[in-house]
Amino acid sequence: MYEKIVPNPTGINGYEEYLRAADIAAIPEFNNYEGWLSNLHPGNVTWEVDKPSDVDPKDPDLTVKRKWVDRFRRCCDLISNGNRKAVMDPRGVIKPETTFPEMARFRALARLEAVSAHVCFADGRTGEGVRHIEDAQIFGNKISGMTLIGRLVGIACGRVSFIELDDHWAQLSVSDAEELERFFSQLLSGPLPLIESMRGERQGAHAAIEELFAKLTDLASLWNSDGKEQALINEVTRLGPAEARDAQAATIAAIDAYYDSVLATVNGPESGWLSLKAVSNEDDIGNTKLPLATRLTDLLTPALSQVLISDAQDRTRMRIAYLTAKAVDFRWIMGRLPDRIEDFASQVERNDPTSGRAFRYKRDGPWFRITRDGKDALGSVSLFKPPAPADPNLGPLRP
């Protein structure tokens, strides 16, 4: 995969490091560790995998995780190295036929980072555990800036690390908490990866239009679609040279207007992100009363409302992680947990910009939870998965 995507390595592009890590993670043994771990826990989906070569059938969860991390440590080193470089897709402009086989491996690499953090926390090396959490977050952000599929995979990578981090807040030292405060504050104040990914999508749509109109005689067979889409493509093939030039220019202008409108929403208040409505373009594509450029634009541009919701959820989780780190810091300094969110967060910090309401801080037994409550499109957001039914034979999960 690396050699196909990067025929001429530069050494200065972090994406090259990510692809090298993805190639290492592509061997069957990598998946075998993950599947074996899943099979150790009753109730999980059973994976049909071979036992990793260095795993004993009696090895418990932590032992298997140690062996997985030790064997594939190189992957984490490559991700860390890539994170320190500028990252760009080595393929250049994305074309309609471009595929992204590395994305599935990128999600697997994020899971390895989370397992590496887990092993560090188990060994009391909390600073190293935090570094793995941060590496997974940076990795997810950096693969997000080229295409929407990269952005969605990047959000998924970050989600994996949030879940792992949420299991270990009570272990963190005051310096760990302060480091996470700094880290999430920096992420939230930095450039939005979604903006860069939409620029990549715009370039891809331009390339698709140019390719379509450059091959009018072969277009119907090249497109190989059905129904309304095929009827639209057939209509394009019947255009004369002058009509085709005008239709291409009008379609590119319509694509630009679409992305300009969405970018204006993203660059505005986050509360406005939820106002972007989900629109099905299927009927418009077949509506011959609409201009040809409008129908082609509908065909070649994605519906972005759900993407904006996913992005807003990701940023909300960052804010919750930032506030949780501040609460942990408070606990060390004051010798007790906060009674309310006002004890450790300013009015700006405790306000959720998507709803205008404060985040919810609630004591949860010997610990606490911070959540975003809401009945809007974003819904409730937290770092943790809903817990399984309690086992009466187990003690409390947190000190």
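Residues numbered from 1 in each chain as written. Predicted model: local features only at pLDDT ≥ 70, side-chain atom pairs only at ≥ 80, totals over all residues. Heavy atoms only, no water.

Asker: Mind showing me how you'd approach the overall build of the chain here?
Answerer: In terms of regular secondary structure, the chain is built from 16 helices and two strands. Looking at the chain as a whole, 48% of its 399 residues qualify as buried. Taking contacts inside the chain between residues at least 6 apart in sequence as the whole, the part at least 24 apart equals 69%. For the chain, the computed accessible surface area is about 19400 Å², with 53% contributed by carbon and sulfur atoms. (Helix = DSSP H or I, 4+ residues; strand = E, 2+ residues; numbered from the N terminus. Buried < 20%, exposed > 50% of the residue type's maximum accessible area, 1.4 Å probe, protein only. Contact = heavy atoms within 4.5 Å. Areas by Shrake-Rupley, 256 points an atom, 1.4 Å probe, with all protein chains shown as cover.)

Asker: Explain a nonpolar patch on the surface to me, please; I cannot follow it from the model alone.
Answerer: Taken together, the side chains of V174, W332, I333 and M334 present a nonpolar region at the surface, about 410 Å² in accessible area. One can find M334 in helix α16 (residues 305-334). The class of M334 is partly exposed, set by a relative accessible area of 48%. (Patch = residues over 30% accessible without salt bridge, like charges linked within 9 Å, V, L, I, M, F, W, Y side chains within 5 Å. Salt bridge = Lys/Arg side-chain N within 4 Å of Asp/Glu carboxyl O.)

Asker: Help me understand empty space enclosed by the protein, please; the structure alone is not making it clear to me.
Answerer: In this approach a probe as big as a water molecule rolls over the atoms, and the regions it shows empty are the leftover space. With the rule as written, the count across this model stands at three cavities of 30 Å³ or more. Taken together, 10 residues line the largest cavity, and the ones lying closest to its centre are D166, T324, F368, R369 and I370. Breaking the lining of the largest cavity down by element, the ones donating at least two residues are α16 and β2 (367-371). In the lining of the largest cavity, the residues fall into seven nonpolar, one polar and two charged. Within this model, the second largest cavity holds a volume of roughly 40 Å³. Residue classes in the lining of the second largest cavity are distributed as five nonpolar, one polar and four charged. (1 Å grid on protein atoms, 1.4 Å probe; cavity = no way out; pocket = protein on both sides within 12 Å on 5 of 7 lines; lining within 4 Å. Points joined across faces, edges and corners; volume = space filled by probe spheres on them. Nonpolar A, V, L, I, M, F, W, Y, C, P; charged D, E, K, R; others polar.)

Asker: Just to check I follow, could you spell out the environment of L192 for this structure?
Answerer: Within the fold, L192 resides in the loop between α9 (174-189) and α10 (193-214). Judged by its relative accessible area of 16%, L192 falls in the buried class.

Asker: Looking at this model, I keep getting lost on the packing of aromatic side chains. Mind explaining?
Answerer: For any pair of aromatic rings, the description rests on two quantities: the centre-to-centre distance and the angle between the ring planes. Using the criterion set out here, one finds 15 aromatic pairs in the structure. Ring centres of F30 and F72 lie 5.0 Å apart, and the angle between their planes is 80°; on these two criteria the pair is classed as edge-to-face. Of this pair, F30 sits in helix α3 (residues 28-39) while F72 sits in the loop between α4 (61-71) and α5 (73-83), and the two are 42 residues apart along the sequence. Ring centres of Y33 and W68 lie 6.2 Å apart, and the angle between their planes is 0°; this geometry places the pair in the stacked category. In this pair, Y33 is assigned in helix α3 and W68 in helix α4, connecting sequence segments 35 residues apart. Judged by relative accessible area, Y33 falls into the buried class, the value being 0%. Grouped by ring-pair contacts, the aromatic residues Y15, Y18, F106 and F139 constitute a single cluster. Over the ring of W332 we find R331, and its NZ or CZ is 5.8 Å from the ring centre. (Phe/Tyr/Trp six-rings, centres within 6.5 Å; stacked < 30°, edge-to-face > 60°. Lys NZ or Arg CZ within 6 Å of the ring centre and 35° of its normal.)

Asker: Help me out: how do you make sense of the nonpolar core in this one?
Answerer: Across soluble globular proteins, nonpolar side chains have a tendency to be buried as a group. Membership of the largest hydrophobic core comes to 70 residues, with the highest contact counts inside it found for W169, F184, M198, F213, V266 and F344. A per-element tally of this core places α16 first, with 13 residues. When near neighbours in sequence (up to four residues on either side) are disregarded, F184 contacts Q137, F162, L165, M318, A321 and Y322. Counting 37 residues, the second largest nonpolar core, distinct from the first, contains A21, W36, F106 and V119. (Core = buried A, V, L, I, M, F, W, Y, C linked by side-chain atoms within 4.5 Å.)

Asker: What's the story with the environment of R105 in this structure? I'm lost.
Answerer: Turning to its location among the elements, R105 is positioned in helix α6 (residues 102-122). Every residue in contact with R105, bar those within four places of it in the chain, is listed here: M1, A22, A25, A26, F30 and N31.

Asker: I tried to follow the side chain of E29 on my own but got confused; where do I start?
Answerer: Relative to the elements of secondary structure, E29 occurs in helix α3. A distance of 2.9 Å separates a polar atom in the side chain of E29 from a polar atom in the side chain of S53. If sequence neighbours within four positions are ignored, E29 has contacts with K51, P52, S53, R71 and F72. (Polar contact = N/O pair within 3.5 Å; in protein donor to acceptor, adjacent residues only side chain to side chain.)

Asker: I would appreciate a short explanation of α9 in the present structure.
Answerer: Every α-helix carries 3.6 residues per turn, so stepping three or four residues along brings you back to the same face. Its 16 residues give α9 an end-to-end C-alpha distance of 23 Å, which sits within 8% of 22 Å, the value for a rise of 1.5 Å per residue. Turning to α9, its buried residues number three or more, namely D176, A177, L180, E181, F183, F184, L187 and L188. Contacts made by the buried residues of α9 are with α7 (126-142), α8 (148-166) and α16. (Expected span 1.5 Å × (residues − 1).)

Asker: What should I look at first to understand the pairing of β2 in this one?
Answerer: Look at any regular strand and the pattern is simple: side chains alternate between the two faces of the sheet. Summarising burial for β2: four of the five residues are buried, a large majority. In this structure, strand β1 (residues 360-364) lies alongside β2, joined through five bridges in antiparallel fashion. Across the sheet, R363 pairs through a bridge with F368, a residue of β2. (Pairing = 2+ DSSP bridges.)

Asker: What's the story with the state of the cysteines in this structure? I'm lost.
Answerer: As used here, a disulfide is simply a covalent bond connecting the sulfur atoms of two cysteines. Enumeration according to the criterion identifies zero disulfides in this entry. Here C75 is not cross-linked by a disulfide; its sulfur's nearest cysteine counterpart is in C76, at 6.8 Å. (Disulfide = S-S within 2.5 Å.)

Without other data, these values stay purely geometric and don't point to any function.
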